[in-house]
Amino acid sequence: MTLIVTAPELEARRAVAVGELAPLAAGLRRELAPLVEAPPEVPREKALLSRSGGRCIFDRALLRFDPYDSRHFCPTCGREYVGGLQDRFRLYWYQLWLAERVLHAALLGVLTDDVGCRSAATTLLDRHAEQYLRLPNADNVLGPSRPFFSTYLESIWLLQIAIALGILEAGAPSPELSSLGARVRDRIIAPSAALIASFDEGMSNRQVWNNAALMASARLLDDRVLFERALHGPSGLEAHLGSALLSDGSWYEGENYHLFAHRGLWYGERIARAAGHTLPAALDDRYHEGFAAPFRTILPDLTYPSRRDSQHAVSIRQPRFAEACELGLVHRDDERLTSMLARLYDPEVAIVDTGRAETAADVERNLPATGLTRFDLSWRTLLCALPALPPLVAQPLKSDLLPAQGIGVLRRDEGSVYVSLDYGHSGGGHGHPDRLNLTLADGTRRWFDDPGTGSYVDPTLHWYRSTLAHNAPLVDGHSQPRVHGALLAFADDDRSGWISAQAELAPGLIVRRSVVVSEDYLVDELHWEGSEAHEIALPIHGVNVVGEHAKSPSPIAGRADAEDGFSYLTDTARVHLPVAGEATLRATTPDGASLSGWTFAGADATMWSATVPAPPERDGRLPLLLVRKRARVGNFLSVWSWNGAVTAVDRADATLTVTRRDGSKHRHVRTDDSWIVEQGQESITLSEVRKSLLGETVFTHATPPGSLEALSVHSLPAVFEMGEPHYRRSEFTWQGAGAPRATVTVTRPTPGTVLVEVDVPKSQRLFVPLTTENQLDNEPASINGDSVQLYAIAGARSAGLLLVPDPSSVSMRHVDGWTNDLSVDARWRPTSAGYRLEATLHIGGGSPEFALDVIVNEVVAGRARRRGQLVLSGGAGEFIYLRGDRNDPSRLLRFSLARDV
């Protein structure tokens, strides 16, 4: 049974594989030769994610992956690494690489009648069937899996296996193949599909891949219920197309996850179509827009903006992006895609190693830019692309707006100058707190850049996820809340254009940013108005103050939470500005180019300087200026010129005068609903459109899904027996984990204290000291041992604590996001088969209520990660993955203090 093409389409591709796309087939066959000659053994160990596995500890570069050489070398510094963590991480790449080669061999065997390829594919499928169920479903990072540490990786792997089997069965049926197909279905596809189906990730990009794998499995298993769920269910293919893929065709989590998610949607659409299901017209249109959407915001150097959890400066000159265009053209003719292919297939760009021979299925590994031809692409092109392309003509890159995503781009100088304002969709779990973020690039020069995100298991992740790491405003020394912004205006006539947007960055505080772009300079205004005074700070990255300004070394005050970013600042100083709060700024590049700036902050503003981490995998540190002002109503105004066109800027009341190198003057006046630009005898009025073009939301819960009696008020004393309704699981259900239990007793021994007693009757007492370094990820190592997490709020004070028994006392670790000004004492003792922990909360008097949550981490010997948690506020239906020691304050149970003891 074919899965992504019909049987007649598969038969028709034989002529294409030996005709128009014969060079592609030949290239894939050459790369497959060592595997065909000697099919390798299937790994007998599970992949493991860790902080050091797969990366150089010095420059954080991904280590080289060579499927035929298991040594670990850093491609940047040449260092060789050895050890179990490196070997275990390599299995992640290798398992995906091997599964994809099974598919290569099956496809080439059928399309070109290659007996060796067909034999290699059947041999490897048989070996996978023998090994899959022997791998443990344990110690996972994000959902259950046997070969990997996350469910979506198993989904990608299973897709390759399923498609390969379907092609073999359609191309050359035989009794031997029928017997093999039965074994693969019984030992891989059915159990793997059941495991994947047990972990629904809603609107996550990962669920796209889960759906595709489930649809493929359902077809091979003839399971119509499973197929309908993956296609039509609440988090199925059509739900993703109608909600997570926004109306402008962009994936809500941004370009990086768009590229990954849309390729998964491609699998789903192809499987559905081959099974006779046609998408509704509106969803089909949105799906097609998804092929072009990420190219609409690319930078002049043909890299993607590093928005949200993206790698920094990823070039579009890689095979998978060309292939996205090719597959989009199969779906529908589109000039935007042929224009992009004209750039990607530019014969003047030298072809270097495309990395195709080492690709690991659909997991993205970004490589240096390279020239390309369509014969450098993958099996998807061989099986599905047009036999011949239409004429390819590169069209100029133009200004553009993605209103549902919430990003506007203004381009100048035939596309070589790029200005964007990222205002809209928060991006969900992979979003960054950077509404109203400004970027500016001129060719290859990134003046105001977005650093993207580094490794998820490296501590610098917290910096890159802070507002301070972006060119976006922060409030009261704190990273922004995760909110959507709204567009106020967007217009451009290639001479003057503007974008204006706003976001509510604190209750009652509306912050608006307006950017006006002329031919060779821009004006940037940040304006705020609130119901009360707030301190607004605007980071300006990569620039220094020009002229003689005294500096006083001084720490920069800000919130202490890791993702507020202030702990990553070094060389901090106060910059002493003139009384008017004006300054001239400049950034320079090694090639002598400069960016000139003039900023007007007002007499009551302050300016600070510091150095900050460079973008991921870049050496050194970069300069930062931070402009701050506390006011109920205020603004910062700046002018930036990237080619020396502006020589002076003056501000008088509401008028900004820009003096140009040729002596001409431009006057800018901001009114309530427009921006007026006077250029000599010409006056241009840019009007504001007072409506939001961002009207889409994605998968939100009004209350936490696992909470119990969240709105009830409990009286004291109170006793809670925690069992199945309170269990937050990993791979095992509550019953499968041995039915863990705990008792929480809350009393008030004195008017000023609350006593919380946690009795864990059955525990191996595997306590992990707080000083232990976590080799797996960024979380405290102690959460992967027996421990208690306690969260309390009393009046204006709070505590978030990780409590770990040690031989003589209880060690405490403060949890980020909690003030921890509520004093807590703790002690513990062993019991016959478990332990008992007591915590005294010194709540004081004056508050009629307090709120509390208690989480008991439980683990058993032989595991690297905790098995589950008992959660006082309820955990039924929830999974433990990626939660660390965090807890939502809205979950806490409320207790009345109306009666003293």
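All figures in this text were calculated on a predicted structure; none of them were measured in a lab. Each chain has its residues counted from 1, running along the sequence as written. Where totals are concerned, whole chains, interfaces and linings use all residues; where local detail is concerned, this predicted model gives features only for residues with pLDDT of at least 70, and gives and counts side-chain atom pairs only at 80 or more. Hydrogen atoms and water are omitted, and side-chain values are computed over all heavy atoms in the structure.

On to the overall build of the chain, then. Strands are runs of DSSP state E lasting at least two residues, helices are runs of H or I lasting at least four, and both sets are numbered from the N terminus onward. When helices and strands are counted, the chain shows 15 helices and 37 strands. Our radius of gyration is a C-alpha quantity, and the globule rule it is checked against amounts to 2.2 Å times the number of residues to the power 0.38. Relative to the globule expectation of 29 Å for 901 residues, the C-alpha radius of gyration of the chain, 29 Å, shows essentially globular dimensions. Each principal axis of the C-alpha atoms in the chain carries an extent, and together these give about 90 × 80 × 50 Å. The cut-offs for exposure are 20% and 50% of the maximum accessible area for each residue type, with area from a 1.4 Å probe on protein chains only; residues under the lower value are buried, those over the upper are exposed, and the others partly exposed. Every one of the 901 residues in the chain was classed for burial, and the buried ones make up 61%. The contact rule is simple, with two residues in contact once any of their heavy atoms fall within 4.5 Å. A sequence separation of at least 24 residues applies to 67% of the contacts in the chain between residues at least 6 apart. Method for areas: the Shrake-Rupley scheme with a 1.4 Å probe, in which residue coverage is limited to the protein chains shown. Looking at the chain as shown, the accessible area adds up to about 33,500 Å², and 52% of this sits on carbon and sulfur atoms.

Here five strands make up an open sheet; going across it, the order is E26-E28-E29-E34-E33 and the pairing antiparallel. In the strand order of this sheet, the two ends are held by strand E26 (718–722) and strand E33 (824–830), each with one partner. Averaged over all neighbouring strand pairs, the angle between strand axes comes to 15°, with direction disregarded. By definition, two strands form a pair when at least two bridges between them are found by DSSP. Convention adopted: a line fitted to C-alpha atoms gives each axis, helices being fitted over their contacting stretch, and angles between N-to-C directions are expressed from 0 to 180 degrees.

Turning our eyes to something else, we now look at the environment of Leu-436. Along the polypeptide, Leu-436 turns up in the loop between strand E5 (417–422) and strand E6 (437–442). Setting aside its immediate chain neighbours within four residues, Leu-436 contacts Leu-421, Asp-422, Tyr-423, Asn-471, Ala-472, Pro-473, Ala-501, Gln-502, Ala-503, Val-511, Arg-512 and Arg-513.

What follows deals with the packing of helix H9 (residues 237–244) against helix H10 (residues 255–274). The geometry of H9 relative to H10 is characterised by a closest axis approach of 10 Å and an angle of 135° between their N-to-C directions. The orientation of H9 with respect to H10, classified from their angle, is oblique. The handedness of the crossing between H9 and H10 is left-handed. Residue-level contacts link Leu-237, His-240 and Leu-241 of H9 to Leu-265, Gly-268 and Glu-269 of H10. In this scheme, roughly parallel covers angles under 35 degrees and roughly antiparallel covers those over 145, while 65 to 115 is roughly perpendicular and the rest are oblique. Crossing handedness: left-handed means the near helix sits turned counterclockwise from the far one by under a right angle, and right-handed means the same turn made clockwise.

Below, the discussion takes up the pairing of E6. In terms of burial, E6 is a largely internal element, six of the six residues being buried. Across the two faces of E6 the burial is the same, with Asn-437, Thr-439 and Ala-441 and Leu-438, Leu-440 and Asp-442 all buried. Sheet topology places E5 next to E6; six bridges connect them, and they run antiparallel. Among the inter-strand pairings, Val-417 is bridged to a residue of E6, identified as Asp-442. Summarising the sheet, E6 and strand E7 (residues 445–448) pair through three bridges and their orientation is antiparallel. When the bridges of E7 are listed, Leu-440 appears paired with Phe-448.

This next bit is on the packing of aromatic side chains. In this scheme Phe, Tyr and Trp rings, the latter by its six-membered ring, pair at centre separations within 6.5 Å, and the angle between planes marks the pair as stacked below 30 degrees, edge-to-face above 60, and tilted otherwise. For the structure shown, the criterion picks out 29 aromatic pairs. An aromatic cluster of three or more residues is present, and its members are Tyr-152, Trp-209, Phe-260, Trp-266, Tyr-267 and Trp-379. As a reminder, the over-ring test applies to NZ of lysine and CZ of arginine, requiring each to be within 6 Å of the ring centre and within 35 degrees of the ring normal. Here Arg-146 stacks its cationic end above the ring of Tyr-132, 5.8 Å away from the centre of that ring.

Each strand in a sheet pairs with its neighbour through backbone hydrogen bonds, running either in the same direction (parallel) or in the opposite one (antiparallel). Reading across the sheet, the five strands line up as E3-E4-E5-E6-E7 and stay open at both edges, with antiparallel pairing between neighbours. Each end of this open sheet is capped by a strand with a single partner; those strands are strand E3 (400–402) and E7. In this sheet, adjacent strand axes meet at a mean angle of 15° when their direction is disregarded. Where strand E4 (residues 407–412) lies against E5, six bridges are found, and the strand directions are antiparallel. Paired with Gly-408 across the strands is Leu-421, a residue of E5.

Below, the discussion takes up the state of the cysteines. We call a pair of cysteine sulfur atoms a disulfide whenever their separation is within 2.5 Å. Considering all chains together, one arrives at zero disulfides under this definition. Of all cysteine sulfurs, the one in Cys-384 lies closest to Cys-117, which takes part in no disulfide; the gap is 18 Å. Residue classification places Cys-117 among the buried residues on the basis of a relative accessible area of 0%.

Among the nonpolar cores identified, the biggest contains 130 residues, and Tyr-92, Leu-96 and Leu-382 are the most heavily contacted of them. Residue contributions to this core peak at 17 residues, all from helix H3 (residues 84–111). Ignoring anything within four residues of it in the chain, the contact list for Tyr-92 reads Ala-47, Phe-148, Phe-149, Leu-153 and Val-363. Joining through side-chain atoms within 4.5 Å is the link that ties buried Ala, Val, Leu, Ile, Met, Phe, Trp, Tyr and Cys residues into a set, and such a set is a nonpolar core. Grouped together as the second largest cluster of nonpolar side chains are 47 residues, Trp-447, Leu-595, Val-627 and Ala-631 included.

In terms of burial, helix H13 (residues 335–344) is largely enclosed, as eight of its 10 residues are buried. Where H13 is concerned, the buried positions are Leu-337, Thr-338, Ser-339, Met-340, Leu-341, Ala-342, Arg-343 and Leu-344. Buried residues along H13 sit against helix H11 (281–292) and helix H12 (319–331).

To continue, consider helix H8 (residues 224–232). Those residues of H8 lying buried are Leu-226, Phe-227, Ala-230 and Leu-231. Angular distribution of buried residues about the axis of H8 spans 125°; they occupy a single face of the element. Among the exposed residues of H8, those oriented more than 90 degrees off its buried face are Arg-224 and Val-225. In this structure, the buried residues of H8 make contact with helix H6 (175–197), helix H7 (205–221), H9 and H10. Here a polar contact is recorded for every N or O atom pair within 3.5 Å, except that within protein the pair must consist of a potential hydrogen donor and a potential acceptor, and residues adjacent in sequence are included only if both atoms are side-chain atoms. N-capping of H8 is provided by Asp-223, with a side-chain oxygen placed 3.3 Å from the backbone N of Val-225. Taken from the helix axis, the directions to the C-beta atoms give the arc we talk about.

The omega torsion across Leu-716 and Pro-717 is 0°, close enough to zero to call that bond cis. Relative to the helices and strands, Pro-717 resides in the loop between strand E25 (713–714) and E26. The phi torsion at Leu-302 lies on the positive side, around 60°, for a residue other than glycine. Along the chain, Leu-302 falls in the loop between H11 and H12. Phi at Ala-313 takes a positive value of approximately 55°, unusual for a residue other than glycine. By secondary structure assignment, the location of Ala-313 is in the loop between H11 and H12.

With that settled, consider the pattern of salt bridges. Just to be clear on terms, a salt bridge is a Lys or Arg side-chain nitrogen sitting within 4 Å of an Asp or Glu carboxyl oxygen. Applying the stated criterion across every chain, the model contains 56 salt bridges. When the shortest N-O distance is used, the salt bridge between Asp-434 and Arg-435 registers 2.7 Å. For Glu-535, the salt bridge goes to Arg-628, with nearest N and O atoms at 3.0 Å. Placement of Glu-535 in strand E12 (residues 521–541) and of Arg-628 in strand E19 (residues 621–641) is noted, with a sequence separation of 93 residues between them. One network of salt bridges, in which partners are shared, links Arg-263, Arg-320, Glu-323, Asp-362, Glu-364 and Arg-380.

Moving on, we come to the packing of H7 against H10. One way to put it is that H7 packs onto H10 with a least axis distance of 8 Å and a crossing angle of 20°. Relative to H10, the element H7 is oriented roughly parallel. Two packed elements cross with a definite hand, and for H7 against H10 that hand is left-handed. Only Tyr-257, Phe-260, Ala-261, Arg-263, Gly-264, Leu-265, Tyr-267, Gly-268, Ile-271, Ala-272 and Ala-274 of H10 make contact with H7, whose side of the interface consists of Asn-205, Val-208, Trp-209, Ala-212, Met-215, Ala-216 and Arg-219. Across the contact of H7 with H10, the residue classes tally to 13 nonpolar, three polar and two charged. Residue polarity follows a fixed list, in which Ala, Val, Leu, Ile, Met, Phe, Trp, Tyr, Cys and Pro are nonpolar, Asp, Glu, Lys and Arg are charged, and the others, Gly among them, are polar.

Let us now look at the confidence of the model for the chain. Do not read the fine detail of predicted coordinates wherever pLDDT is low. Confidence scores here are pLDDT values: one per residue, from the predictor, ranging 0 to 100. Per-residue confidence for the chain gives a mean pLDDT of 93; residues scoring 70 or more make up 97%. Note on residues 690–710: pLDDT is under 50 here. Beyond four places in sequence and across chains, it has 53 contacts.

Attention now goes to the pairing of strand E10 (residues 497–506). Most of E10 sits inside the fold, with eight of its 10 residues counted as buried. As defined by bridge partners, strand E9 (residues 486–492) adjoins E10 across six bridges and the pair is classed as antiparallel. Counterpart to Phe-490 in the pairing with E10 is Ile-499. Joining the antiparallel neighbours E9 and E10 is a turn of four residues, in which Asp-494 adopts a positive phi near 75°. Here nine bridges tie E10 to strand E11 (residues 509–517), and the two strands are oriented antiparallel to one another. Of the residues in E11, the one forming a bridge with Gly-497 is Val-517. Where E10 folds back on E11, the antiparallel hairpin that results is connected by two residues, among which Gly-508 adopts a positive phi of roughly 80°.

Residue classification places Arg-628 among the buried residues on the basis of a relative accessible area of 6%. At 3.0 Å, the side chain of Arg-628 forms a polar contact with the side chain of Glu-535. Once residues lying within four places of it in the same chain are set aside, the contact partners of Arg-628 are Gly-477, Glu-535, Ile-536, Ala-537, Ile-556, Ala-557, Phe-566, Asp-604, Ala-605, Thr-606, Trp-608 and Phe-636.

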